[in-house]
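Notes for the structure review
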Amino acid sequence: MTSKDLSIFNSLRPFSIGFDDMFDQFENMLGNGNLTMQSNYPPYNIRKTGKDNYAIEVALAGFSKKDVEVEFEDNLLTVRTKQVNKSENSDVNGEIIHKGISQRQFARSFTVADDVKVNGAELKDGLLTISCERIIPEHKKKKLIEIK
């Protein structure tokens, strides 16, 4: 992206009210014309599970609950590994001869809208599912304005 592309976002500012924060996030995300390179690991899906419900699914084969943490702060949801002990060459079933299931360090972040609530997370069968719900406040719901 070039600074010319960023000016497209800036040209939308006069036609919107209260979206300054969103435009600032675009500018921060795009930075000085370069998209920040983020690893494709771990792979993830974002699904819409209902009218106002979403699920973020992160593939975490080989990780357990104690290896991963999910943090939500300032509209940023982050899934990351805790410190992985690489010196472990054995488990309860014996010594590991070949380790093909990756357990590398990672951090994956998602920007969450102001009206979305993170309800919880579950790690089952190597898939971390984070459930989210969009809660629309009364003042944002559709209403008919009476003409006097």
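Above this text you will find the structure in question.
These remarks concern the structure in this document.

Each helix and strand in the protein chain was counted, giving 2 helices and 9 strands. What you see in the protein chain, going N to C, is helices and strands ordered as α-α-β-β-β-β-β-β-β-β-β. Residues counted as buried form 21% of the 148 residues belonging to the protein chain. In the protein chain, 52% of the contacts between residues at least 6 apart in sequence involve partners at least 24 apart. When the accessible surface of the protein chain is totalled, it reaches about 11,600 Å², and 52% of it is carbon and sulfur.

Below, the discussion takes up the packing of aromatic side chains. By the definition in use, this model includes 3 aromatic pairs. Aromatic pair Y44 and F110: ring centres 5.1 Å apart, planes at 85 degrees, arrangement edge-to-face. Of this pair, Y44 sits in strand 1 (residues 44-48) while F110 sits in strand 7 (residues 107-111); the two residues are 66 residues apart in sequence, bridging distant segments of the chain. Judged by relative accessible area, F110 falls into the buried class, the value being 9%. Both rings, one in F63 and one in F106, keep their centres 5.6 Å apart while their planes meet at 85 degrees; by these two values the pair is edge-to-face. Of this pair, F63 sits in the loop between strand 2 (53-59) and strand 3 (68-73) while F106 sits in the loop between strand 6 (94-95) and strand 7, placing them 43 residues apart in sequence. With relative accessibility at 8%, the residue F63 sits in the buried group.

Next up on the list: the pattern of salt bridges. Throughout the structure, instances matching the rule amount to 6 salt bridges. Between E71 and R80 there is a salt bridge; the shortest N-O distance is 3.5 Å. In this structure, D115 engages R134 in a salt bridge whose closest nitrogen and oxygen atoms are separated by 3.1 Å. Highlighted residues: D115 in the loop between strand 7 and strand 8 (116-124) and R134 in strand 9 (residues 127-134), separated in sequence by 19 residues.

As a further point, take unusual backbone geometry. The omega torsion of the bond from Y41 to P42 falls at -5 degrees, within 30 degrees of zero and hence cis. Mapped onto the elements of the fold, P42 is located in the loop between helix 2 (20-30) and strand 1. Phi is positive for N75, close to 60 degrees, though the residue is something other than glycine. For D125, which is not a glycine, the phi torsion comes out positive at approximately 55 degrees. For D125, the position within the fold is in the loop between strand 8 and strand 9. Taking relative accessible area as the criterion, D125 reaches 77% and is therefore assigned exposed.

Criteria and cut-off values
- Residues numbered from 1 in each chain as written.
- Predicted model: local features only at pLDDT ≥ 70, side-chain atom pairs only at ≥ 80, totals over all residues.
- Heavy atoms only, no water.
- Helix = DSSP H or I, 4+ residues; strand = E, 2+ residues; numbered from the N terminus.
- Buried < 20%, exposed > 50% of the residue type's maximum accessible area, 1.4 Å probe, protein only.
- Contact = heavy atoms within 4.5 Å.
- Areas by Shrake-Rupley, 256 points an atom, 1.4 Å probe, with all protein chains shown as cover.
- Phe/Tyr/Trp six-rings, centres within 6.5 Å; stacked < 30°, edge-to-face > 60°.
- Salt bridge = Lys/Arg side-chain N within 4 Å of Asp/Glu carboxyl O.

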